[in-house]
Amino acid sequence: MTQPLPGNPYGAIVPVQDESQKSRDTGLRMALIQVLKGAVGGYDDRTSSILALAPRLVQQYSFVRDESGEGLMFRAVFDPAAVDAALRAQGLPVFGINSSLVENWVVEVHGLRTTSDYSKVLRHFTRIKGVRTVDVDELHDSTLRLRMVVEGGIQMAAERAEAGDLISRDQAGNYVLARR
């Protein structure tokens, strides 16, 4: 049974017949198919063209016994940046982020009081999936203005920014520091 690696969307475990070169090659392709399905949400002609890259995309692999100890499995972990780049080269979204939609986003966060607040907010925005760059545009009194470049659109990045409990929107629609 083919399955993703728990906690790692860039890895998979697939059944193989033996520890031969042919099984390794088949295992690499099957594991990469599993990873591509997870990243894109499906498998089609554009994702299938990436299969030839499997030997260059893999970071590590091994043959392991299944849970019963009877069957042989192939475990592969692929380089996340290389897989994402291959998907983008085909014009495909990566985990829901459409790289063809790149926008500039200016955000002001109000209510900062300390350098710790500043650091938390900056770290929060740099960790949002799809945010390519974050530049501090201005820090004035209790307001931090950031200029960002985001893949997948501002709406998706805004939803992810508000998903945590660090910042929220006030009645006027401004971002404010909610948690210290």
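Further up the page is the structure itself.
The shown structure was predicted, so the numbers you read here are calculated from the model rather than taken from an experiment. (Residues numbered from 1 in each chain as written. Predicted model: local features only at pLDDT ≥ 70, side-chain atom pairs only at ≥ 80, totals over all residues. Heavy atoms only, no water.)

**Digging into the overall build of the protein chain**
For step 1, the next point in the chain: Scanning the protein chain from N- to C-terminus turns up six helices and nine strands.
For step 2, the next point in the chain: A compact globule built from 180 residues should have a C-alpha radius of gyration of about 16 Å, whereas the protein chain, at 21 Å, is more than 25% larger.
For step 3, the next point in the chain: Referenced to the eigenvectors of the C-alpha coordinate spread, the extents of the protein chain come out at roughly 65 × 35 × 25 Å.
For step 4, the next point in the chain: For the protein chain, buried positions account for 34% of its 180 residues.
For step 5, the next point in the chain: Of the accessible surface of the protein chain, which amounts to about 10000 Å², a share of 47% is contributed by carbon and sulfur atoms.
For step 6, the next point in the chain: Here the protein chain carries 21 positive and 22 negative side-chain charges, and the mean point of each set is 2 Å from the other. (Helix = DSSP H or I, 4+ residues; strand = E, 2+ residues; numbered from the N terminus. Rg over C-alpha atoms; globule rule 2.2 N^0.38 Å. Buried < 20%, exposed > 50% of the residue type's maximum accessible area, 1.4 Å probe, protein only. Areas by Shrake-Rupley, 256 points an atom, 1.4 Å probe, with all protein chains shown as cover. Lys, Arg positive; Asp, Glu negative; His and termini not counted. Charge placed at Lys NZ, Arg CZ, Asp CG, Glu CD.)

**Brief notes about unusual backbone geometry**
Across residues other than glycine, the phi torsion is negative in most instances, and most of the peptide bonds are trans.
For step 1, the next point in the chain: One non-glycine residue, aspartate 141, adopts positive backbone phi at about 50°.
For step 2, the next point in the chain: Inspection of the secondary structure puts aspartate 141 in the loop between β6 (131-140) and β7 (143-151).

**Topic: the sheet that holds strand β8 (residues 167-169)**
For step 1, the next point in the chain: Spatially, the five strands line up as an open sheet ordered β6-β7-β5-β9-β8, and their pairing is mixed. The strands lining the two open edges of the sheet, one partner per strand, are β6 and β8. Sheet twist, expressed as the average angle between the axes of neighbouring strands with direction ignored, equals 30°.
For step 2, the next point in the chain: Sheet analysis places β6 next to β7, joined by eight bridges and oriented antiparallel. In the strand pairing of β7, threonine 133 is matched with valine 149.
For step 3, the next point in the chain: In this fold helix α5 (residues 115-126) packs onto β5 (102-110), β6, β7, β8 and β9 (175-177), with an angle of close to 155° to the strand it touches most, β6. (Pairing = 2+ DSSP bridges. Axes fitted to C-alpha atoms, helices over the stretch in contact; angles between N-to-C directions. Contact = heavy atoms within 4.5 Å.)

**Observations concerning the pattern of salt bridges**
For step 1, the next point in the chain: Tallied over the entire structure, the rule returns eight salt bridges.
For step 2, the next point in the chain: Its salt-bridge partner being arginine 132, residue glutamate 151 comes within 2.8 Å of it at the nearest N-O pair. With a gap of 19 residues between them, glutamate 151 in strand β7 and arginine 132 in strand β6 connect regions that are remote in the sequence.
For step 3, the next point in the chain: Glutamate 138 is the salt-bridge partner of arginine 145, the closest N and O atoms lying 3.0 Å from each other.
For step 4, the next point in the chain: Residue arginine 145 is classed as partly exposed on the basis of its relative accessible area, which comes to 23%. (Salt bridge = Lys/Arg side-chain N within 4 Å of Asp/Glu carboxyl O.)

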